Amino acid sequence: MQCFKTIEYLKNSYGERISQIADQRRSGKKLVGTFCLFVPDEIIFAAGADRVILCGGKNDTVSIAEQYLPRNICPLVKSSFGSIVNNGCSGIRSCSHFSMVDMIVAENTCDSKKKMYELLGEYVPTYVIDLPQKPDTPEALKYFLSELEKFRGVMEQLTGNKVTTEGLRQEIRSSNETRRLFHRLYELRKEDPSPISGSQVLKILQKQYFLSPDKLKEYLRMLIEEVESVEPGQVRKPRIMVSGCPMPGGNTKVTDIIESRGGVIVAEESCTGTRSFWYLVDEDKDPMTALAERYIKIPCSCMSPNDRRIDNILELAREFRVDGVIHYTLQFCHGYNIEKQKVQKALKEAGIPMLSIETDYSDSDVEQIGLRVDAFMEMI
Ligand code: BJ8
């Protein structure tokens, strides 16, 4: 697979972003840390604050969290919590931005996250948006809109700035532009063979949790331009879609295994994937209503029923002409684990093979997963 300069730049973007955040904070700009995709960035940016998403993908902060939380909960929750409460005494370093946030804004999704937020409040001021979880009812939309209005007030109080309709419209246009760029990048992955690997795309998917919107757009444009100029390849590899839990920065385990065993990932139905950008916000509507409508549609497994996710998986599998789906569940994530049954049934009916992998952030099962992936590749 061709190397891309943008991916190298992305790997080195950390220091620059941290300096930017530190400068901004010195000049009074607030940094909001969010969990997770249901918190509309547009409201934060329209209030004049910056944001980073705090979902953790690093394994080394898991052991810090285990001093406070049960061991048998999802590694994403433990990694995030460990990064925030880490005081450095253990000799393990968290990424600096975790200690720089002025406020955490979270939303009620799974039980582990919800209960973690109650504890986080002891370390950083934490505000939780209540998320209705039967997304397709008119009552849910109305309620979510009222929750977003409250959140708008919280941001105004934090920053001392008014969130205006015009400010929201501007941020919606800006975020939609980013989403359209991701769509353009994904369009290129529809080529067969794909001109870019899943491991390369994952780098920018993970960095969207961290970079400023302007920088992210800049990197996306650069990457698209590079990928567009790749000569069509000859060697076809099995085209895989990964579907399930997110893979935040630090966690590339399953992607790396799949691609080191001969497959190429062409789509990710995930919050580090299509769920983060697939739907745009309607630019012609009242901005708060449009935001509520867009964000409530994110097909997280906390939603019930979550048929939108199943439809989305089938649509993506067709569009990206995948040979197989790898369903990826983090250990103890009951939502995705149980929902796997419905995904499997729908894929079976569509004649698309699926392999299910349940794992954590450690390396202990890399070889074993590799063998199962090998067998899957041979079968598809
Ligand atoms: S919007 S998918 S990022 S909650 S893996 S913490 S669900 S036990 S990550 Fe998620 Fe937001 Fe939903 Fe996306 Fe819980 Fe499962 Fe852990 Fe999860």
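Since the structure is predicted, the reported quantities are computational estimates derived from the model, not experimental observations.

A. Region of the structure containing the sheet that holds strand E4 (residues 126–129). Taken in spatial order, the four strands of this open sheet run E2-E1-E3-E4, and their pairing is parallel. Here the strands that pair on one side only, and so sit at the sheet edges, are strand E2 (50–53) and E4. For this sheet the average axis-to-axis angle between neighbouring strands, irrespective of direction, equals 25 degrees. Here four bridges tie strand E3 (residues 103–107) to E4, and the two strands are oriented parallel to one another. Bridging across to E4, alanine 106 finds its partner in valine 128.

B. Local environment of the packing of helix H9 (residues 198–207) against helix H11 (residues 253–260). It is the contact of H9 with H11, at a shortest axis distance of 9 Å, that shows an interaxial angle of 160 degrees. In terms of their interaxial angle, H9 and H11 are classed as roughly antiparallel. H11 is crossed by H9, and the crossing has left-handed handedness. Across the interface between the two elements, Gly198, Ser199 and Leu202 from H9 touch Thr255, Asp256 and Glu259 from H11. Among the residues forming the contact of H9 with H11, the class breakdown is one nonpolar, three polar and two charged.

C. Just the nonpolar core, in detail. Counting 129 residues, the largest nonpolar core has Phe35, Val105, Phe151, Met155, Ile204 and Leu291 as its most contacted members. Here the element with the most residues in this core is helix H8 (residues 165–189); it accounts for seven residues. Apart from the residues lying within four places of it in its own chain, the contact partners of isoleucine 204 are Leu10, Phe182, Leu185, Leu216, Tyr219, Leu220 and Leu223.

D. Representation of unusual backbone geometry in the model. Here aspartate 192 and proline 193 are connected by a cis peptide whose omega angle stands at 5 degrees. Checked against the element boundaries, proline 193 lands in the loop between H8 and H9. With omega at -5 degrees, the peptide bond leading from serine 304 into proline 305 counts as cis. Within the fold, proline 305 resides in the loop between helix H12 (287–295) and helix H13 (307–319). Although it is not a glycine, arginine 321 adopts a positive phi angle of roughly 45 degrees. In this fold, arginine 321 is placed in the loop between H13 and strand E7 (324–330). For phenylalanine 332, which is not glycine, the phi dihedral falls at a positive 70 degrees. Looking at the element boundaries, phenylalanine 332 is found in the loop between E7 and helix H14 (334–350).

E. Representation of the environment of alanine 317 within the structure. For alanine 317, the location among the structural elements is in helix H13. Considering only alpha carbons, one finds alanine 317 and isoleucine 352, 35 residues apart in sequence, at a separation of 8.2 Å.

F. Structural detail: the sheet that holds strand E8 (residues 354–359). Across the sheet, four strands lie side by side as E6-E5-E7-E8; this open sheet has parallel pairing. Looking along the sheet, the strands with just one partner apiece sit at the ends: strand E6 (264–269) and E8. Going from strand to strand, the sheet's axes swing by 25 degrees on average, the running direction of each strand aside. Looking at chain direction, E7 and E8 are connected through six bridges and run parallel. Along E8, the bridge assignment pairs leucine 330 with threonine 359. Relative to E6, H11 is tilted by about 150 degrees, and along the sheet it contacts strand E5 (239–244), E6, E7 and E8.

The rules behind these values
Residues numbered from 1 in each chain as written. Predicted model: local features only at pLDDT ≥ 70, side-chain atom pairs only at ≥ 80, totals over all residues. Heavy atoms only, no water. Pairing = 2+ DSSP bridges. Helix = DSSP H or I, 4+ residues; strand = E, 2+ residues; numbered from the N terminus. Axes fitted to C-alpha atoms, helices over the stretch in contact; angles between N-to-C directions. Parallel < 35°, antiparallel > 145°, perpendicular 65-115°, else oblique. Left-handed = near helix turned anticlockwise from the far one by under 90°. Contact = heavy atoms within 4.5 Å. Nonpolar A, V, L, I, M, F, W, Y, C, P; charged D, E, K, R; others polar. Core = buried A, V, L, I, M, F, W, Y, C linked by side-chain atoms within 4.5 Å. Buried < 20%, exposed > 50% of the residue type's maximum accessible area, 1.4 Å probe, protein only.

What is shown is where atoms sit, not what they do.
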